[in-house]
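Structural characterization, general
The primary structure of each chain is shown beneath.
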Amino acid sequence: MGFRSAGAMLRLLVWAAFLLGCCHGRFVVEKNSLKVTAPDDLKGTYECAIGNFGVPQYGGTMVGFVAYPKANKKACKSFDDFDISYKAKPGAFPTFLLVDRGDCYFTKKAWNAQNAGAAAILVADDKVEPLITMDTPEESGRADYLENITIPSALITKSFGDRLKKAIDNGDMVNVNLDWREALPHPDERVEYEFWTNSNDECGPKCDSQIDFVKSFKGAAQVLEKKGYTQFTPHYITWYCPEAFILSKQCKSQCINHGRYCAPDPEQDFSKGYDGKDVVVQNLRQVCVFKVAKEHKKPWLWWDYVTDFAIRCPMKEKKYTKECADGVIKSLGLDHKAIDKCIGDPDADEENPVLKAEQDAQIGKGSRGDVTILPTLVINNRQYRGKLDKGAVLKALCAGFRETTEPAVCLSEDIQTNECLENNGGCWQDKAANITACKDTFRGRVCECPVVKGVKFVGDGYTHCEASGSGRCEINNGGCWKDTRDGRTYSACTDDGCKCPDGFKGDGKHKCEDIDECKERTACQCKECKCKNTWGSYECGCSGGLLYMKEHDTCISKNGATETGWSFLWVIFFGVVAAGVAGYAVYKYRIRRYMDSEIRAIMAQYMPLDNQGDVPSHSHHIEM
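The following refers to the structure shown. (Residues numbered from 1 in each chain as written. Predicted model: local features only at pLDDT ≥ 70, side-chain atom pairs only at ≥ 80, totals over all residues. Heavy atoms only, no water.)

**Some points on the overall build of the protein**
To keep it simple, the criterion reads: The way it works is that DSSP assigns letters per residue, a run of H or I at least four long becomes a helix, a run of E at least two long becomes a strand, and they are numbered from the N terminus. With a 1.4 Å probe rolled over the protein chains alone, any residue whose accessible area is under 20% of its type maximum counts as buried; one over 50% counts as exposed, and the rest are partly exposed. The contact definition used throughout considers only heavy atoms, calling two residues in contact when any of these lie within 4.5 Å. Note on areas: Shrake-Rupley with a 1.4 Å probe; residue coverage comes only from the protein chains shown.
Of regular secondary structure, the protein possesses 12 helices and 30 strands. Out of the 624 residues in the protein, the part that is buried amounts to 45%. Summarising the internal contacts of the protein: among those between residues at least 6 apart in sequence, 63% fall at separations of at least 24. Total accessible area on the protein is roughly 34,200 Å²; 52% of this is exposed by carbon and sulfur atoms.

Written as structure tokens, this is what we have:
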């Protein structure tokens with residue numbers, strides 16, 4: 001057996017041992033739904049498996065009709081050879097091409113369908129079995145078109161495929177809706193995702209696509225992480241060597257910690273280049289870089305380290321070494337000693353807690369199955385399927401946010417379409433004030449009354465929204481009536497709602513009409529009054545030179561008014577004078593009485609007064 005086949009055999013052995021050691025292997029097929037809307041006998045919703053290539057429309061839907069080719073039914077050849085095209089004409093539904101499984105790679109079928117103009121490809125299974133995940137070919141170096149596949153793909157069961165073919169053969173137009181809106185959980189305003197990767201750069205196009213993805217996605221990933229929109233964790237798949245092979249040359253060269261943690265030989269040739277154990281150690285170092293960076297509250301530095309290491313320390317240039325890695329660590333200002341401590345001793349005959357945790361994390365939990373495909377993204381505990389591309393992955397991450405909580409990057413034209421641009425999304429809007437209840441989201445749109453300049457609008461969002469609370473009149477006059485004539489402006493807006501102002505009548509919202517006070521005899525009704533109606537008010541005059549008093553709605557003589565005024569002033573004047581005189585008299589009288597009583601009291605001590613009568617004398621005689 002040659003070295004290449006021996007390496008492949010080792011991978012099978014260690015993976016089989018891994019599954020047996022974990023008691024079970026559980027691979028979960030990620031699915032989306034396919035809804036048939038016509039013909040009637042096929043109407044319903046069916047499950048289909050998402051292919052692990054192309055660009056699934058996570059969070060969205062696609063509508064089209066199904067076509068089944070009369071030639072090249074397995075799509076293993078170019079449709080140009082058969083002069084067949086599936087390009088949709090302007091205004092027509094796009095084509096979802098149905099093909100049969102077999103004879104060539106799934107990716108080859110998708111590539112040929114895409115080149116023929118199909119918007120999506122449906123592959124009908126050729127055997128009765130549960131749905132499986134269509135993956136890229138193992139010998140990926142023979143498929144240089146992989147990165148150019150952009151249409152979504154789905155595998156359907158044999159029975160469903162047979163029913164579709166029968167309907168098409170009968171001349172029925174089969175209309176379907178591919179739906180990925182629930183393909184990923186979207187519970188809250190933060191997306192948690194993992195990237196299962198490898199530091200090996202000698203595994204061909206798959207390794208190249210991994211590092212290309214890291215380089216292109218680094219900027220977006222770091223912005224999302226720094227602003228708290230996402231929580232990212234890198235992971236690395238490791239295997240272990242079956243006990244019977246621990247002392248073999250293969251396990252010694254591919255494993256560390258006495259066969260506990262292994263990786264396939266990078267070149268699949270044990271006689272040259274780097275060994276699997278070199279990959280395991282570097283994988284471990286990358287995990288520890290993340291852990292140490294996270295402890296310093298800078299987990300996004302992992303993206304810098306992986307990117308710089310791939311550029312500065314590639315296997316192809318024989319720089320895949322600890323010394324080169326240490327140089328990258330130093331340039332990023334990370335704690336070198338803490339990272340070495342985290343790595344531990346690869347030669348020790350004991351478990352490494354970091355790699356043991358990685359193996360445990362590899363086993364599926366909850367809705368997530370075992371991670372068996374490299375590379376793999378796990379978004380909100382659900383494995384991503386599709387092309388490892390910045391735009392495709394960002395679209396999938398955006399599908400993981402609860403609606404209306406997506407960051408601005410998810411609402412860019414490159415990621416999604418703005419449903420509010422067409423017919424305002426069917427929501428309420430005030431064109432005059434440029435206010436709308438339509439709020440664009442990654443998954444579509446919601447009709448929700450807005451908050452404008454601190455003023456909250458209330459309503460159902462579809463047919464009406466009204467400003468409420470204080471300040472409401474500052475926004476489009478609160479949706480109330482308002483008009484200006486002859487330099488006068490009247491508004492029906494109040495803090496409590498729309499109410500026509502004095503001098504007007506109406507609903508206050510759509511119209512307020514002037515009240516003719518003269519005609520309705522609500523003002524200026526005295527005998528001498530002359531009434532003239534104005535917009536929002538009235539003018540009242542008097543005949544015969546009389547003066548109108550509005551508060552009494554009466555006319556009086558101007559002279560009489562003057563005389564009355566002066567008389568009133570004289571009355572006030574004399575009243576004040578009289579009050580002063582009276583006050584002075586009272587003052588003089590009280591003071592005079594007080595002084596008289598004091599004088600009389602003093603004199604009474606020395607001589608009898610006229611009104612005292614005879615008073616016995618008690619004085620003593622003094623002899624001279």
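**A look at the sheet that holds strand 7 (residues 175–179)**
The line we're drawing: Any two strands are treated as partners once DSSP identifies two or more bridges connecting them. Geometry is summarised by axes, namely lines fitted to C-alpha atoms with helices restricted to the contacting stretch, and by angles between N-to-C directions that run from 0 to 180 degrees.
If you walk around this closed barrel you meet the 7 strands as 1-2-6-5-4-3-7, and the pairing is mixed. Strand-to-strand, the axes of this sheet are offset by a mean angle of 40°, without reference to chain direction. In the packing of helix 2 (residues 106–115) onto the sheet, contacts are made with strand 4 (95–100) and strand 5 (120–124), and the angle to strand 5 comes to roughly 140°.

**Observations concerning a nonpolar patch on the surface**
Test applied: Only residues whose relative accessible area exceeds 30% and that form no salt bridge enter a patch; like-charged residues are grouped when within 9 Å of one another, and nonpolar side chains (Val, Leu, Ile, Met, Phe, Trp, Tyr) when within 5 Å. Note on definitions: salt bridges are taken to be side-chain nitrogens of Lys or Arg within 4 Å of carboxyl oxygens of Asp or Glu.
Together, Val63, Phe93 and Met173 give the surface a local cluster of nonpolar side chains, amounting to about 270 Å² of exposed area. Here Phe93 lies in the loop between strand 3 (61–67) and strand 4. Judged by relative accessible area, Phe93 falls into the partly exposed class, the value being 40%.

**Focus: the packing of helix 4 (residues 205–226) against helix 11 (residues 390–398)**
Stated formally: By convention, the crossing between two helices is left-handed when the near helix turns anticlockwise from the far helix through less than a right angle, and right-handed when the turn is clockwise. Side-chain classes are defined by residue name, with Ala, Val, Leu, Ile, Met, Phe, Trp, Tyr, Cys and Pro counting as nonpolar, Asp, Glu, Lys and Arg as charged, and the others, Gly among them, as polar.
Closest axis-to-axis distance for the helix 4/helix 11 pair is 9 Å, and the angle between their directions is 30°. By crossing handedness, the relation of helix 4 to helix 11 is classed as right-handed. On the side of helix 4, the interface is formed by Phe213, Ser216, Phe217, Ala220 and Leu224, while helix 11 contributes Lys390, Val393, Leu394 and Leu397. Of the residues that constitute the contact of helix 4 with helix 11, the class distribution is 7 nonpolar, 1 polar and 1 charged.

**Digging into the state of the cysteines**
Rule in force here: Cysteine sulfur atoms that pair up within 2.5 Å are treated as a disulfide.
Applying the stated criterion across every chain yields a total of 16 disulfides. A disulfide bridge connects Cys313 with Cys324, and the sulfur atoms are separated by 1.9 Å. Between Cys313 and Cys324, the S-S torsion sits near -85°, and that sign places the bridge as left-handed. Of the two residues, Cys313 sits in the loop between helix 7 (301–312) and helix 8 (322–331) while Cys324 sits in helix 8, which places them 11 residues apart along the sequence. Looking at Cys313, the relative accessible area reads 0%, which means it is buried. Between Cys500 and Cys512 runs a disulfide, and the two sulfur atoms are separated by 2.1 Å.

**Some remarks on the sheet that holds strand 9 (residues 230–236)**
Pairing is mixed across the open sheet formed by 4 strands, whose spatial order is 9-8-12-13. The open sheet is flanked by strand 9 and strand 13 (382–383), the only strands paired with a single partner. Two strands pair when backbone bridges link them, and strand 8 (residues 191–197) and strand 12 (residues 376–379) are joined in this way by 4 bridges, in the antiparallel orientation. By the bridge assignment for strand 12, Phe195 is matched with Leu377.

**Here we look at the side chain of Gln210**
Looking at the element boundaries, Gln210 is found in helix 4. We classify Gln210 as buried; its relative accessible area is 5%. Leave out the neighbours within four places in its chain, and Gln210 touches Thr197, Asn198, Pro375 and Leu388.

**Remarks on the nonpolar core**
As a rule of thumb, soluble globular proteins bury nonpolar side chains together. Where we set the bar: In plain words, nonpolar cores are sets of buried Ala, Val, Leu, Ile, Met, Phe, Trp, Tyr and Cys residues tied together by side-chain atoms within 4.5 Å.
Grouped together as the largest cluster of nonpolar side chains are 90 residues, with contacts concentrated most on Leu178, Tyr193 and Phe217. For this core, the element with the most residues is helix 6 (residues 276–295), which contributes 10 residues. The residues touching Leu178, leaving out its near neighbours within four places in the chain, are Asn32, Ser33, Leu34, Cys48, Gly60, Thr61, Met62, Phe96, Ala120 and Leu122. Residues Ala49, Ala116, Leu146 and Ile149 belong to the second largest nonpolar core, which totals 24 residues.

**Structural notes on the pattern of salt bridges**
On inspection of all chains with the given rule, the structure shows 20 salt bridges. With a shortest N-O distance of 2.6 Å, Lys165 and Asp100 are connected by a salt bridge. Here Lys165, found in helix 3 (residues 158–169), pairs with Asp100, found in strand 4; they are 65 residues apart in sequence, far enough to count as distant. Summarising the burial analysis for this pair, Lys165 and Asp100 share the class buried.

**Details of the packing of aromatic side chains**
Where we set the bar: Stacked, tilted and edge-to-face pairs are distinguished by plane angle, under 30 degrees for stacked and over 60 for edge-to-face with tilted covering the rest, among Phe, Tyr and Trp rings (Trp via its six-membered ring) whose centres lie within 6.5 Å.
Inspection of the entire model under this criterion finds 20 aromatic pairs. Taken together, a centroid distance of 6.1 Å and an interplanar angle of 40° make the contact between Trp428 and Phe457 tilted. With Trp428 in the loop between helix 11 and strand 14 (429–430) and Phe457 in strand 19 (residues 455–459), this pair connects stretches of sequence that are 29 residues apart. This pair shows no difference in class: Trp428 is buried, exactly as Phe457 is. With a centroid separation of 5.1 Å and 80° between ring planes, the pair formed by Tyr490 and Trp535 is classed as edge-to-face. Of the two residues, Tyr490 sits in strand 22 (residues 488–491) while Trp535 sits in the loop between strand 27 (529–534) and strand 28 (537–542), which places them 45 residues apart along the sequence. Residues Tyr490 and Trp535 agree in their burial class; the two are buried.

**Regarding unusual backbone geometry**
Residue Pro39 is bonded to the preceding Ala38 through a cis peptide linkage, with omega at 0°. Cis geometry marks the peptide bond from Leu374 to Pro375, where omega comes out at -10°. Here Pro375 is to be found in the loop between helix 10 (353–362) and strand 12. One non-glycine residue with positive phi stands out, namely Lys297, at about 60°. Within the fold, Lys297 resides in the loop between helix 6 and helix 7.

So, to be careful, I would describe these as geometric facts and stop short of saying anything about function.
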